[in-house]
Protein chains: 2
Amino acid sequence: MSSVSYEKLEFLFHPHSIALVGITTANPDHWTRTFLDSLLEFNFEGPLYLVNPKGGEIAGMKVYPRLEDVPSSIDYVISTVPARATPGLIEESARKGVKAIHCCAAGFGETGEEEGIRLEAELKEAGQRTGIRIIGPNCMGIYCPKSRLSFQSSFPRDGGPVALISQSGGNTTNLINKAMLRGVRFSKVISYGNATDLNESDYIEYLTDDPETSIISLYLEGVKDGERFRRVVRRAAEKKAVLLLKGGVTEAGARATSGHTGSLAGSESTWDSLCKQAGIIRASTLEELVNALVTLLFMPAPRGRRAAIIGFGGGASVLITDIFEKNGLKVPALPQELRDEIRSYTPIAGNILRNPIDYSQSVQSIQNLTRTLGIVSKWDGIDFIVSFITPSQASPGSRRLMINIVEGMLEGSRAGAKPIAMVIEPSVIPHEAEDVMGLIQLCVSDGMPVYFSYSDAASAMNLILTFAENHPGKLYG
Amino acid sequence: MSSVSYEKLEFLFHPHSIALVGITTANPDHWTRTFLDSLLEFNFEGPLYLVNPKGGEIAGMKVYPRLEDVPSSIDYVISTVPARATPGLIEESARKGVKAIHCCAAGFGETGEEEGIRLEAELKEAGQRTGIRIIGPNCMGIYCPKSRLSFQSSFPRDGGPVALISQSGGNTTNLINKAMLRGVRFSKVISYGNATDLNESDYIEYLTDDPETSIISLYLEGVKDGERFRRVVRRAAEKKAVLLLKGGVTEAGARATSGHTGSLAGSESTWDSLCKQAGIIRASTLEELVNALVTLLFMPAPRGRRAAIIGFGGGASVLITDIFEKNGLKVPALPQELRDEIRSYTPIAGNILRNPIDYSQSVQSIQNLTRTLGIVSKWDGIDFIVSFITPSQASPGSRRLMINIVEGMLEGSRAGAKPIAMVIEPSVIPHEAEDVMGLIQLCVSDGMPVYFSYSDAASAMNLILTFAENHPGKLYG
């Protein structure tokens, strides 16, 4: 059964030729152009055709008035035609031998209005009659870097082990943008909107057997067939790590999902117990989902909850320690003999040498920092190390120093016995943002997990550790 | 009694002449130079003198070998000499008629080592004997923009109603940096470290009667005299809004405070009940403290918890609604007649018109957005409006659009019957950071509250509203 469902959808991610139907010729900034720009910038290898009744030319490419004017066969259509023209396009596509169509337009059942509901029923019926599989409507479609398929030119060209199935196009883009910065890369991403034909269960079944995917992340507003979804997601969670962000968990949120993707959200307690039973990692915000992905991907299996905190700033050390402890992590005191060892070459004034270790006043000596990192890393009283940098507090002259610290941590991470995570506070002040970006890139290129706040780091680690404790052998098996 | 304690410390914030003792002549990037740079850039109006045994010159200013070589009288010393030289400096200062000294150096009691403990006792004794008041040691001292006194040249030149008393220099800088971006301005800030002489209670007493301060924020790791502190802070909270971030609320955090400022942290339950009894707003992270300040300052008294959410992005609208409801706020459904009114000029495809209102597809028409804002603002089913922008999702061409949205919100805020808050997601991608900064500045210059995430906005509003409900008439009286 598994390989059947896998085979059934594999073609979606490997189109041979694509027609962009409904692309605007007049305005190069129009949103319909994004799809073309993305495919061109990703160097999609198959033939690309443009279709718009007005004809003409875009970027040296001929625009065909109708799909049937395209001189060769097409297996995949990206449609940006309005809702009312969509059912008709399915008929046209069938005559062209199209196998799948991504319908971008909104204005279907999610409007709650009679016309939209009727159009969605027509669309569904046309799909069933012609056998064309429909992604959407009301969505952004597929991002599959390996196939050079993307709906945003800014997404990474390189792939990775994370799949994302999302009912919201905006949340998909936002999640990829946030996650890519932190080193997360994707196998297959599907923004699928109203799920008129293909739905969450179809995609989950496919990804469960997809050898390129080891983590399946979900943004769901509702499910089409609760019974099937339960079965499918349980099997997925047996084989892979599954993470869920559920939109519409409150009454008002559920009202929003019905206007957004026409979804019936289901009760919070149902979702909660499903996640517990099936072994799904539950995130409650988009940021938490990204932080969980970063932790799963880049935090090598810590054996437990005991952290050493090595940072810069006494007050900051106090606050991060409180936050870690409040999130169920432990910051045990450094044994006296290790304190003495560090004290033998580290001045005490302005430093704290207890765990947290505040190395503020000795930060100029990267040798000493690395030496201390080595001592702490070998201590069997801890399971992992966390460090932090606050670029907004650094003087303009300290850019080199911050880079030195990160390089010291990376060296420690490569050499050390314990995983190291880094908290780098972001800044929107442009020259500080540049520094932060540089530091993040340094960490990420070396596979180090980066978080944007103490709370983010602590709660993500707590989430993953709690899950691992409740499901022994499942993660970090 | 009140005016006595006020008069007693008023001189601290109005020094006539300052000597910087211990400033390094050799290295212009040395941290001791920061104090001079800040005073020069703030145009401190009184005479400034530099003292270092090596003599010489800095920036065209003579460096005197000893304090007694300075040709005129000095009432305020900023000392960056090491701990061991500090008690002697008090004696020298007494001979010069100095009234107050800010001791920057660490290496006193907080080290837990015999020498540091002895030096701190000597320092205290010298202060008592000479009558010189000591700020610190182990701290950054005073920032008082009205007196052109600062320890960072990047701090705002203009003042405001917020005072900050902080035991950590790093947290002080970090808090000011984060808060200034969001429009928070300060009357008096004191980073006071180990509190050997002047302590938290002295500063709180002073600020309680300070006409320039209406909000007192505290970062405390411990208190010197619990009995007095209770009395003093209770009186402060009767007269003004008092906010507290307590460092060292966990056992490991308390261990860190003892290494940081030599403080005994006290039990969490003691602090919790003190805050409840005295009417103090309690923040649990530095970010939460900043968000609470922004809410108090810029969110005009909402009458209740009912929000209208007007934003851009369906999935984002779902998530922000969930987050608001989970934080005890209400997002009530828009009545049918208002939906019909908005629907009469707003296409439904790609929009949600229910509350949340997702205006994604109509964002090009700022007239329509403003019109909708007007309709929603007059609806008596809500108490305030929240909007949001995610610049990382915007295309490079949409900068103008984002500015239009913010300008529409500002216009709505000025004209409207309801307060409006804005969530602007930050980005560390440099060109996006620039956009974000521009949008923040637009809002802040018009007195609009800005938050960096849905969760930040919701939890800050919940914090302040809960406090206001529990203490009727105290805020928004």
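So, here is what we can say about the structure in this document. Everything numeric in this text was worked out from a predicted model, so none of it was measured.

Cut-offs applied
Residues numbered from 1 in each chain as written. Chains lettered and ligands numbered in written order. Predicted model: local features only at pLDDT ≥ 70, side-chain atom pairs only at ≥ 80, totals over all residues. Heavy atoms only, no water. Helix = DSSP H or I, 4+ residues; strand = E, 2+ residues; numbered from the N terminus. Rg over C-alpha atoms; globule rule 2.2 N^0.38 Å. Buried < 20%, exposed > 50% of the residue type's maximum accessible area, 1.4 Å probe, protein only. Least-squares fit on C-alpha atoms with pLDDT ≥ 70 in both. Axes fitted to C-alpha atoms, helices over the stretch in contact; angles between N-to-C directions. Left-handed = near helix turned anticlockwise from the far one by under 90°. Contact = heavy atoms within 4.5 Å. Nonpolar A, V, L, I, M, F, W, Y, C, P; charged D, E, K, R; others polar. Buried area = accessible area lost by both parts, 1.4 Å probe. Salt bridge = Lys/Arg side-chain N within 4 Å of Asp/Glu carboxyl O. Polar contact = N/O pair within 3.5 Å; in protein donor to acceptor, adjacent residues only side chain to side chain. Pairing = 2+ DSSP bridges. Arc of directions from axis to C-beta. Core = buried A, V, L, I, M, F, W, Y, C linked by side-chain atoms within 4.5 Å. Right-handed = clockwise from strand over helix to strand, strands pointing away. Parallel < 35°, antiparallel > 145°, perpendicular 65-115°, else oblique. Phe/Tyr/Trp six-rings, centres within 6.5 Å; stacked < 30°, edge-to-face > 60°. Lys NZ or Arg CZ within 6 Å of the ring centre and 35° of its normal.

**Thoughts on the overall build of chain A**
Here is step 1: Per the secondary structure count, chain A includes 16 helices and 19 strands.
Here is step 2: Over its C-alpha trace chain A gives a radius of gyration of 25 Å, about what one expects of a compact globule, namely 23 Å for 477 residues.
Here is step 3: Projected onto its principal axes, the C-alpha positions of chain A cover 80 × 50 × 40 Å.
Here is step 4: Residue burial in chain A is summarised as follows: out of 477 residues, 62% are buried.

**Quick word on the relation of the copies chain A and chain B**
Copy one and copy two of the chain differ by a rotation about a common axis and a shift along it.
Here is step 1: Mapping chain A onto chain B calls for a rotation angle of 180 degrees and an axial translation of 0.0 Å; the resulting RMSD is 0.0 Å. Both chain copies can therefore be described as sitting about a two-fold axis.

**What about the packing of helix α7 (residues 226–239) of chain B against helix α9 (residues 268–278) of chain B?**
Residue and element names in this part refer to chain B.
Here is step 1: In contact at an axis separation of 9 Å, α7 and α9 are set at 40 degrees when each is read in the N-to-C sense. As for how α7 packs across α9, the hand of that crossing is right-handed. In this structure, α7 contributes Phe229, Arg230, Val233, Arg234 and Ala237 to the contact, and α9 contributes Thr270, Trp271, Leu274, Gln277 and Ala278.
Here is step 2: Here the contact of α7 with α9 is composed, by residue class, of 6 nonpolar, 2 polar and 2 charged.

**Focus: the interface of chain A and chain B**
Here is step 1: On the chain B side, the residues contacting the 71 residues of chain A number 71 residues.
Here is step 2: Summed over both sides, the interface between chain A and chain B buries roughly 5,000 Å², with carbon and sulfur atoms accounting for 60% of that surface.
Here is step 3: Per-residue buried area on chain A facing chain B is highest for A:Arg255, A:Arg354 and A:Val428; these three make up 14% of the total on that side.
Here is step 4: Where chain A meets chain B, there are 4 salt bridges.
Here is step 5: A:Glu425 is paired through a salt bridge with B:Lys178; the nearest N and O atoms lie 2.4 Å apart.
Here is step 6: On the surface where chain A and chain B come into contact, there are 22 residue pairs in polar contact (both at pLDDT 80 or more).

**Observations regarding the sheet that holds strand β15 (residues 352–353) of chain A**
Residues and elements named next belong to chain A.
Here is step 1: Taken together, the 6 strands give an open sheet; going across it, the order is β15-β16-β14-β17-β18-β19, and neighbouring strands pair in mixed fashion. Both edges of this open sheet fall to β15 and β19 (450–451), since each of them pairs with a single strand only.
Here is step 2: For strand β14 (residues 307–311) and strand β17 (residues 384–389), the ladder comprises 4 bridges, and the chain directions are parallel. Looking across to β17, one finds that Ile309 is bridged to Val386.
Here is step 3: Where helix α14 (residues 399–415) meets the sheet, it contacts β14, β17 and β18 (420–424), and its direction lies at approximately 160 degrees from that of β18.

**Description of the side chain of B:His102**
Residue and element names in this part refer to chain B.
Here is step 1: Assignment of secondary structure puts His102 in strand β6 (residues 100–103).
Here is step 2: There is a polar contact of 3.1 Å between the side chain of His102 and the backbone oxygen of Cys139.
Here is step 3: Excluding its chain neighbours within four sequence positions, the residues that come into contact with His102 are Phe35, Tyr76, Val77, Ile78, Ser79, Ile135, Cys139, Met140 and Gly141.

**Quick word on unusual backbone geometry**
Glycine aside, negative phi is the norm for most residues, and most peptide bonds take the trans geometry.
Here is step 1: Residue A:Pro137 is reached from A:Gly136 by a cis peptide bond, and omega for that bond is 0 degrees.
Here is step 2: Tracing the chain through its elements places A:Pro137 in the loop between β7 (133–135) and β8 (141–143).
Here is step 3: Note the cis peptide between B:Asn355 and B:Pro356, where omega equals 5 degrees.
Here is step 4: In this structure, B:Pro356 sits in the loop between β15 (352–353) and β16 (357–358).
Here is step 5: Notably, A:Ala59 is not glycine yet its phi reads approximately 50 degrees, a positive angle.

**Some remarks on helix α8 (residues 251–261) of chain B**
Working note: α-helix, 3.6 residues per turn, so residues spaced by three or four point in the same direction.
Here is step 1: Every buried residue of α8(B) is accounted for by B:Ala252, B:Gly253, B:Ala256, B:Thr257, B:Gly259, B:His260 and B:Thr261. Down the axis, α8(B) shows its buried residues gathered within 165 degrees of arc, on one side only.
Here is step 2: Considering only its buried residues, α8(B) is in contact with α11 (314–326) and β15 of chain A.
Here is step 3: A positive backbone phi angle near 65 degrees is found at B:Gly262, which sits one or two residues after α8(B).

**A word on the nonpolar core**
Here is step 1: Ranked by size, the top nonpolar core spans 215 residues in total, and within it A:Phe186, A:Phe324, B:Leu12, B:Phe186 and B:Phe324 carry the most contacts.
Here is step 2: Those residues in contact with B:Phe324 that sit more than four places away from it in its chain are B:Ala307, B:Ile309, B:Leu329, B:Val331, B:Phe384, B:Val386, B:Tyr454, B:Ala457, B:Ala458 and B:Met461.
Here is step 3: If you look at the next biggest cluster of nonpolar residues, it comprises 40 residues, including A:Leu401, A:Ile420, A:Ile424 and A:Leu439.

**Let's talk about the pattern of salt bridges**
A side chain with one charge can pair with a side chain of the opposite charge if their charged atoms come near.
Residue and element names in this part refer to chain A.
Here is step 1: Inspection of the entire model under this criterion finds 50 salt bridges over all chains.
Here is step 2: Linking Asp446 and Arg414 is a salt bridge whose minimum nitrogen-to-oxygen distance equals 2.5 Å. Of this pair, Asp446 sits in the loop between α15 (430–445) and β19 while Arg414 sits in helix α14, and the two are 32 residues apart along the sequence.
Here is step 3: Take Arg414: its relative accessible area is 56%, and that puts it in the exposed class.
Here is step 4: Counted as one network, the salt bridges with shared partners bring together Lys146, Lys188, Asp210 and Glu212.

**Observations concerning the sheet that holds strand β13 (residues 281–283) of chain B**
All names here are of chain B.
Here is step 1: Pairing within the open sheet is mixed, and its 6 strands lie in the order β8-β10-β9-β11-β12-β13. Unpaired on one side and paired on the other, β8 (141–143) and β13 mark the two borders of the sheet. Going across the sheet, the axis of each strand differs from the next one's by a mean of 15 degrees, ignoring polarity.
Here is step 2: Sheet topology note: the strand β9 (residues 162–166)/strand β11 (residues 215–220) ladder contains 5 bridges and is parallel.

**As for the pairing of strand β12 (residues 241–246) of chain A**
Regular strands have side chains that alternate between both faces of the sheet.
Residue and element names in this part refer to chain A.
Here is step 1: Extensive coverage of β12 is indicated by the burial of 6 of its 6 residues.
Here is step 2: Neither face of β12 is open: one carries Ala241, Leu243 and Leu245, the other Val242, Leu244 and Lys246, and all of them are buried.
Here is step 3: In this structure, strand β11 (residues 215–220) lies alongside β12, joined through 6 bridges in parallel fashion. Bridge assignment links Leu220 to a residue of β12, and that residue is Lys246.
Here is step 4: For the handedness criterion, the β-α-β arrangement of β11, helix α7 (residues 226–239) and β12 is classed as right-handed.

**Some remarks on the side chain of A:Thr295**
Here is step 1: By the element assignment, A:Thr295 lies in helix α10 (residues 286–298).
Here is step 2: Engagement of the side chain of A:Thr295 in a polar contact is seen with the backbone oxygen of A:Asn291, the distance being 2.7 Å.

**Quick notes on the packing of α11(A) against α8(B)**
Here is step 1: Interaxial distance between α11(A) and α8(B) falls to 8 Å at its minimum, and their mutual angle equals 170 degrees. One way to sum up the angle between α11(A) and α8(B) is to call them roughly antiparallel. Contact residues: A:Gly314, A:Gly315, A:Val318, A:Thr321, A:Asp322 and A:Glu325 in α11(A); B:Ala252, B:Gly253, B:Ala256, B:Thr257 and B:His260 in α8(B).
Here is step 2: Here the contact of α11(A) with α8(B) is built from residues that sort into 3 nonpolar, 6 polar and 2 charged.

**Points about the packing of aromatic side chains**
When we look at a pair of aromatic rings, we describe it by the centre distance and by the angle of the planes.
Residues and elements named next belong to chain A.
Here is step 1: Applying the stated criterion across every chain, the model contains 18 aromatic pairs over all chains.
Here is step 2: Where Phe42 meets Tyr143, the ring centres are 6.2 Å apart and the plane angle is 85 degrees; that geometry is what we call edge-to-face. Residue Phe42 is found in the loop between α2 (33–41) and β2 (48–51), and its partner Tyr143 is found in strand β8; the two are separated by 101 residues along the sequence.
Here is step 3: Using a relative accessible area of 0% as the deciding quantity, one classes Tyr143 as buried.
Here is step 4: Sitting above the plane of the Phe42 ring, Arg157 keeps its charged end 4.3 Å from the centroid.
Here is step 5: For the cation-ring pair, Lys188 lies above Phe13, with the distance from its terminal atom to the ring centre recorded as 5.7 Å.

**Some points on the environment of A:Ile281**
Residues and elements named next belong to chain A.
Here is step 1: With respect to the helices and strands, Ile281 occurs in strand β13 (residues 281–283).
Here is step 2: Owing to a relative accessible area of 2%, Ile281 belongs among the buried residues under this scheme.
Here is step 3: Distance from Ile281 to Leu89, taken between C-alpha atoms, is 40 Å for residues 192 residues apart in sequence.
Here is step 4: Those residues in contact with Ile281 that sit more than four places away from it in its chain are Val242, Leu243, Leu244, Leu296, Leu463, Ile464, Phe467 and Leu475.

**Remarks on the pairing of strand β12 (residues 241–246) of chain B**
Here is step 1: Relative to β13(B), β12(B) runs parallel, the two sharing 3 bridges. Its bridge partner being in β13(B), B:Leu244 is matched across the sheet by B:Arg282.

**Looking at the environment of B:Arg118**
Residues and elements named next belong to chain B.
Here is step 1: On the secondary structure map, Arg118 appears in helix α4 (residues 114–130).
Here is step 2: With a relative accessible area of 43%, Arg118 lands in the partly exposed category.
Here is step 3: The spatial distance from the C-alpha of Arg118 to the C-alpha of Arg84 is 9.8 Å, given a sequence separation of 34 residues.

**A look at the environment of A:Ala100**
Residues and elements named next belong to chain A.
Here is step 1: Here Ala100 lies in strand β6 (residues 100–103).
Here is step 2: Residue Ala100 is classed as buried on the basis of its relative accessible area of 0%.
Here is step 3: C-alpha separation for the pair Ala100 and Cys139, spaced 39 residues apart in sequence, amounts to 14 Å.
Here is step 4: Among residues more than four places away in sequence, those in contact with Ala100 are Phe11, Leu12, Asp75, Tyr76, Val77, Ile132 and Arg133.

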